[in-house]
Amino acid sequence: MGNYAKTESTHYLQVALPTPLRRVFDYLPPKSGIDALSPGIRLKVPFGPRKLIGILIAITTKTDIPPSSLKHAEHVLDEQPIIPRDLLDLCRWVAHYYHHSLGETLSTAIPVALRQGKPVAQQTRKLWRLTYPAAEVPSNIARNAKLQLAAWQLLKQHLKGLHEPMLKSLGVSSQTLSALEKKGEVECILEELPTLHTMPQSILHEAPLTLNPEQAHVVQQILQAAQQFQTFLLQGITGSGKTEVYLQLIEHTLKAGRQALVLIPEIGLTPQTLHRFEQRFAVPIVVIHSGLNDSERFLAWQKAIDYRAGIIIGTRSAVFTPLAKPGLIIIDEEHDASYKQQDSLRYSARDIAIYRARQANIPIVLGSATPSLETIHNAKAHRYRHLRLNQRAGMAKPPSIELLNIRGETLQAGLSSALQQKITQHLEKDQQVLIFINRRGYAPTLLCHECGWAADCPDCDAHLTIHRQPAHLHCHHCDYQQPIPERCGRCNTASLFPVGAGTERIEDFLIGQFDPTPVIRIDRDSTRGKSRLQQLFKDIHQGEPAILVGTQMLAKGHHFPKVTLVAILDADSGLFSSDFRGLERLGQLITQVAGRAGRGTLAGEVVIQTHHPESPILNSLVTEGYDTFANTLLAEREKLGLPPYGYIGLFRVECKKHEEGEQLLLQLRELINQFLQHNNLNGPLGVTLLGPLPAPMEKRQNWYRWQMLVSSPARQPLHTAIAFAVHQLEGGNQMLVKLARKLRWSVDIDPQDMM
Ligand code: ADP
Ligand code: ZN
Ligand code: ZN
């Protein structure tokens, strides 16, 4: 206790707390002193009237707060850091880059159980064995205690002991074991779970495929960089064998005693990919996705950090999983929009993964048939190594693509007669057909024939979608639901009719038109329930003639070898999107969906219905392919200074009173402009502000939405301006703080979706 007073007076704890405030909080050390404290442990601290669990970030000797008003941390939850150093550093970078609170960033990164202060469980298992191996059954086991006798006999045959789960599977209950334990006949040893160091096992279940020359070259190129940071873009057409390349890279990683982190867009949609990993590898794999409950997530995290799993596969949030021995990161379908979180901490898992790879000094592979323009740009600038797979791995040939003019055509449930003829042709050859439309439900609008009234969501600027199974109107933006009215909400006549077609209506039409061919609909509504989607995939894989109708869910990594015709019904909505990424997304979608055609030995055909068959950009995509298409878009972005040639951030405001959001952003704009002028950041090479403008969807869930775009040709000035603005909103400017209190605001760095 001698130096207690001294310690207390000279050391302060910087603690990250789960509050939106973008700062750390200073505390005095707990009464027990600071000897046992290191960054990454959890502390319970007083915060106003509440107690919060925070993470110790640093111990310092300085504080800006008068020490007399500082409080003591109350309770130390961990002896060892639960957040490893590199994860802590990663989260600090993430919080800084996205202008987000460090405490909330940490909350996003770690499992709920840890956030709530649960103890980190020892990972042990119970081994039971005889206390001493007697030749005869000991006398204190009664001859008629059959269960105890049986257990004793069993353990006598296994003098090294048996693990509890094994004993249970052999019919020995815990009661029997504890009865024997009380008699002193058996003992229980707590063993640590084995890590990959001690697990005597081979890495592979099955032999790898023999790589084709292209694949072999790619693998060799990446392995050459295996001991250091390097970002690779693996651009391979659909079916070119990217997954096989991943598998073999991972095999090398495991052999080198290291772990691989694999990010994929959506687990439920790609069971096949996951299955291939499990079939190939004998080492433990953990899978991290949104379907896990808290304790499963916690277990997965511990297996990764304790080196009990060799491969960690997961969706977006898995990017934060700490690894004991990082060796390789793979981002499959790197262009996929689901890697960007769209609320709270609006991070890009791909970009964070690249930071992680640099931090751990390991290679990272971004795989895609249709890389994002950002990634292509980075590859051109030689920040990434660009590797390609141009041939389909098996026998399959690339499909032919046709733009089908539907101008002036009468469509039936969205299908032209030419398309219907093609469907018949393919079905007659006993093949399968895939119809793609990115709109679920029966029809997107319920309209009045008399007066033009449309059934709208009361809370959003959006039409209600008609659903038939079950029948109701549904807002796809806020989940509002109501029965389908019989009469018009304005003129009260009974002349309401559905306009446009969604998956349900197309399904109905196809069933009637192509009876008895089965129609399989795949969208979020038809696949509720865990096993439903698997069952639908199974049906498709039977290979019988069938028509598949589906949304985006069908565009992702599936192999349907019998599908030879793919039709895209509404390409035009992408041509005229208000979002500057609309065309990029359309090109990716067409290329991805087209990749579903003819993946077996049969040749494939792709039909794109459009009112603009002469569109130069569509034609360049169809005739010259994704690379040329992407180059054209890049040239346009460069002219306009849009990403990847400029950097953007978006302030979003949601308010209950329409004008309050605009007021706040106008004030903010004023302040930022003064700041820019003062710091000579206001020229064309500096920072430009656009807005405030109402968001493309001006009202959602009863909130009015405004936004202001901040852009700059360089990253640094953009971040300087945003950091300034955030500081003003959080306390720097009292007027703003007062306005901000009445509404919700957030900042989105590198926004993907301008809605
Ligand atoms: P991608 O991930 O690029 O779409 P996949 O890795 O799924 O492509 O490969 C497409 C198909 O080709 C799969 O059925 C796969 O098993 C097969 N394949 C991949 N590589 C080889 C190879 N070297 N030899 C034989 N078949 C291969
Ligand atoms: Zn009407
Ligand atoms: Zn709504």
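Reference entry: report on the structure contained in this document. No experiment lies behind these values; they were computed from the predicted model shown.

Cut-offs used in this document
- Residues numbered from 1 in each chain as written.
- Chains lettered and ligands numbered in written order.
- Predicted model: local features only at pLDDT ≥ 70, side-chain atom pairs only at ≥ 80, totals over all residues.
- Heavy atoms only, no water.
- Helix = DSSP H or I, 4+ residues; strand = E, 2+ residues; numbered from the N terminus.
- Rg over C-alpha atoms; globule rule 2.2 N^0.38 Å.
- Contact = heavy atoms within 4.5 Å.
- Donors = N, O, S within 2.8 Å, 3.2 Å for Na, K, Ca; no water.
- Tetrahedral: all angles 85-135°; square planar, octahedral: opposite > 155°, others 65-115°.
- Buried < 20%, exposed > 50% of the residue type's maximum accessible area, 1.4 Å probe, protein only.
- Near = heavy atom within 4 Å.
- Polar contact = N/O pair within 3.5 Å; in protein donor to acceptor, adjacent residues only side chain to side chain.
- Areas by Shrake-Rupley, 256 points an atom, 1.4 Å probe, with all protein chains shown as cover.
- Nonpolar A, V, L, I, M, F, W, Y, C, P; charged D, E, K, R; others polar.
- Phe/Tyr/Trp six-rings, centres within 6.5 Å; stacked < 30°, edge-to-face > 60°.
- Lys NZ or Arg CZ within 6 Å of the ring centre and 35° of its normal.
- Axes fitted to C-alpha atoms, helices over the stretch in contact; angles between N-to-C directions.
- Left-handed = near helix turned anticlockwise from the far one by under 90°.
- Pairing = 2+ DSSP bridges.
- Expected span 1.5 Å × (residues − 1).
- Core = buried A, V, L, I, M, F, W, Y, C linked by side-chain atoms within 4.5 Å.
- Salt bridge = Lys/Arg side-chain N within 4 Å of Asp/Glu carboxyl O.

So, on to the overall build of the protein chain. Within the protein chain one finds 23 helices and 30 strands. What you see for the protein chain is a C-alpha radius of gyration of 30 Å, in line with the 27 Å of a compact globule of 755 residues. Contacts spanning at least 24 positions in sequence make up 75% of the contacts within the protein chain whose residues lie at least 6 apart.

Another aspect to go through is the coordination of the zinc ion (ligand 3). Here the zinc ion (ligand 3) is held by the protein donor atoms Cys 457 (SG), Cys 460 (SG), Cys 475 (SG) and Cys 478 (SG), which lie 2.2 to 2.3 Å from it. Coordination geometry of the zinc ion (ligand 3): the four donor atoms subtend angles of 106 to 113 degrees at the metal centre, consistent with an arrangement described as tetrahedral. Coordination of the zinc ion (ligand 3) draws on donor residues from a single chain, spaced C-x2-C-x14-C-x2-C in sequence. Placement of the pair is Cys 460 in the loop between strand S18 (445-448) and strand S19 (465-468) and Cys 478 in the loop between strand S20 (471-474) and strand S21 (481-482), with a sequence separation of 18 residues. For Cys 478, a relative accessible area of 13% gives the class buried.

With that settled, consider the site of ligand 1. Among the 17 residues in the neighbourhood of ligand 1, the closest are listed as Thr 210, Gln 215, Lys 242, Thr 243 and Arg 276. The contact in question runs from an oxygen atom of ligand 1 to an N or O atom on the backbone of Ser 240, over 3.3 Å. Here an oxygen atom of ligand 1 sits 2.8 Å away from a polar atom, N or O, in the main chain of Lys 242. With the chains in place, 74% of the 560 Å² that ligand 1 exposes on its own is no longer accessible. In terms of residues, the shell around ligand 1 owes the most to one element, helix H9 (residues 242-255), which gives three residues. Residues that form the shell around ligand 1 fall into these classes: four nonpolar, nine polar and four charged.

With the rule as written, the count across this model stands at seven aromatic pairs. With a centroid separation of 4.0 Å and 10 degrees between ring planes, the pair formed by Trp 93 and Tyr 355 is classed as stacked. Here the residue Trp 93 occupies a position in helix H2 (residues 85-97), and Tyr 355 occupies one in helix H12 (residues 349-360), the gap between them amounting to 262 residues. Taking the relative accessible area as the measure of exposure, Trp 93 reaches 22% and is therefore partly exposed. A relative accessible area of 25% means that Tyr 355 is categorised as partly exposed. Across the ring face of Tyr 307, the terminal group of Lys 325 is positioned such that the distance to the ring centre comes to 5.8 Å. Here the guanidinium or amino end of Arg 744 rests over the ring plane of Trp 703, the centre of that ring lying 3.7 Å away.

Taken together, Cys 448 (SG), Cys 451 (SG), Cys 488 (SG) and Cys 491 (SG) make up the protein donors of the zinc ion (ligand 2), found 2.2 to 2.3 Å from the metal. Around the zinc ion (ligand 2) sit four donor atoms; with metal-centred angles ranging over 103 to 113 degrees, the donor geometry is tetrahedral. Read N to C, the donor residues that coordinate the zinc ion (ligand 2) are spaced as C-x2-C-x36-C-x2-C. With Cys 448 in strand S18 and Cys 488 in the loop between S21 and strand S22 (496-499), this pair connects stretches of sequence that are 40 residues apart. Each member of the pair Cys 448 and Cys 488 is classed as buried.

Bringing the environment of Ser 169 into the picture now. Here Ser 169 is to be found in helix H6 (residues 164-169). The exposure class of Ser 169 is exposed, given its relative accessible area of 57%. Engagement of the side chain of Ser 169 in a polar contact is seen with the backbone oxygen of Met 166, the distance being 2.7 Å.

The subject of this paragraph is the packing of helix H8 (residues 213-224) against H9. Between H8 and H9, the least distance of the axes is 10 Å, while the angle of their chain directions is 40 degrees. In this structure, H8 meets H9 at a crossing whose hand is right-handed. The segment H8 lies against H9, with Gln 215, Val 218, Val 219, Ile 222 and Leu 223 engaging Glu 244, Val 245, Leu 249 and His 252. Partitioned by chemical class, the residues of the contact of H8 with H9 number six nonpolar, two polar and one charged.

This brings us to the sheet that holds strand S4 (residues 50-60). Overall, antiparallel pairing links the five strands, which are arranged S2-S1-S4-S3-S5 in an open sheet. Only two strands of the sheet have a single neighbouring strand rather than two, namely strand S2 (25-27) and strand S5 (75-76).

Since the α-helix packs 3.6 residues into each turn, any two residues three or four apart lie on the same face. With twelve residues, H12 extends 16 Å between its outermost C-alpha atoms, agreeing within 8% with the 16 Å of an ideal straight helix rising 1.5 Å per residue. Among all positions of H12, only Ala 349, Arg 350, Ile 352, Ala 353, Ile 354, Arg 356 and Ala 357 are buried. Buried-residue contacts for H12 involve H2, strand S9 (230-236), strand S10 (259-263), strand S13 (326-332), strand S14 (363-368) and helix H13 (373-380). Asn 361 sits one or two residues past H12 and shows a positive phi near 60 degrees.

Here the focus is the pairing of strand S25 (residues 563-568). The buried count for S25 comes to six of six residues, which makes it a mostly enclosed element. The sheet contact formed by strand S17 (residues 432-436) and S25 spans five bridges and is parallel. Bridging across to S25, Val 433 finds its partner in Leu 565. With four bridges connecting them, S25 and strand S26 (residues 605-610) associate as parallel partners. By the bridge assignment for S26, Val 566 is matched with Val 606.

In this section: the nonpolar core. Grouped together as the largest cluster of nonpolar side chains are 80 residues, with contacts concentrated most on Leu 106, Phe 320, Phe 651, Leu 668 and Ile 672. Every residue in contact with Phe 320, bar those within four places of it in the chain, is listed here: Leu 87, Leu 90, Val 94, Thr 108, Ala 109, Trp 301, Tyr 347, Ile 352 and Arg 356. The next biggest cluster of nonpolar side chains, apart from the first, holds 39 residues, and it includes Leu 533, Ala 571, Ala 594 and Tyr 626.

Glancing now at the pattern of salt bridges. In this structure the tally under the stated criterion is 28 salt bridges. A salt bridge links Glu 164 to Lys 168; the nearest nitrogen and oxygen atoms lie 3.3 Å apart. Of this pair, Glu 164 and Lys 168 both sit in helix H6, four residues apart, roughly one helical turn. Put simply, Asp 748 and Lys 340 hold a salt bridge, and the shortest N to O gap is 2.6 Å.

Let us now look at the side chain of Glu 584. Its location among the elements puts Glu 584 in helix H18 (residues 582-594). For Glu 584, the residues in contact, after removing those within four places along its chain, are Ser 372, Leu 373, Glu 374, Phe 629, Leu 633 and Arg 637.

Moving on, we get to the side chain of Thr 253. By the secondary structure assignment, Thr 253 is in helix H9. A relative accessible area of 9% means that Thr 253 is categorised as buried. For Thr 253, the side chain forms a polar contact with the main-chain oxygen of Leu 249, separated by 2.8 Å. Discounting chain neighbours no more than four positions away, the residues touching Thr 253 are Arg 258, Gln 259, Ala 260, Gly 327 and Leu 328.

Turning to the sheet that holds strand S16 (residues 400-405), a few remarks are in order. Strands sit in the order S16-S26-S25-S17-S24-S23 across an open sheet of six strands; the sheet is parallel. Across the chains shown, the open sheet's two edge strands, defined by having one partner strand only, are S16 and strand S23 (519-522). Neighbour-to-neighbour, the strand axes of the sheet open up by a mean angle of 20 degrees, direction not taken into account. Seen against the sheet, helix H16 (residues 532-541) touches S17, S23 and strand S24 (547-550) and runs at an angle of roughly 145 degrees to S23.

A separate point is the pairing of S23. Side-chain positions along a regular strand alternate between the two faces of the sheet. Burial along S23 is two-sided: Val 519 and Arg 521 facing one way and Ile 520 and Ile 522 facing the other are all buried. When S23 meets S24, the two strands line up parallel, connected through four bridges. Across the sheet, the residue bridging to Ile 520 is Leu 548, located in S24.

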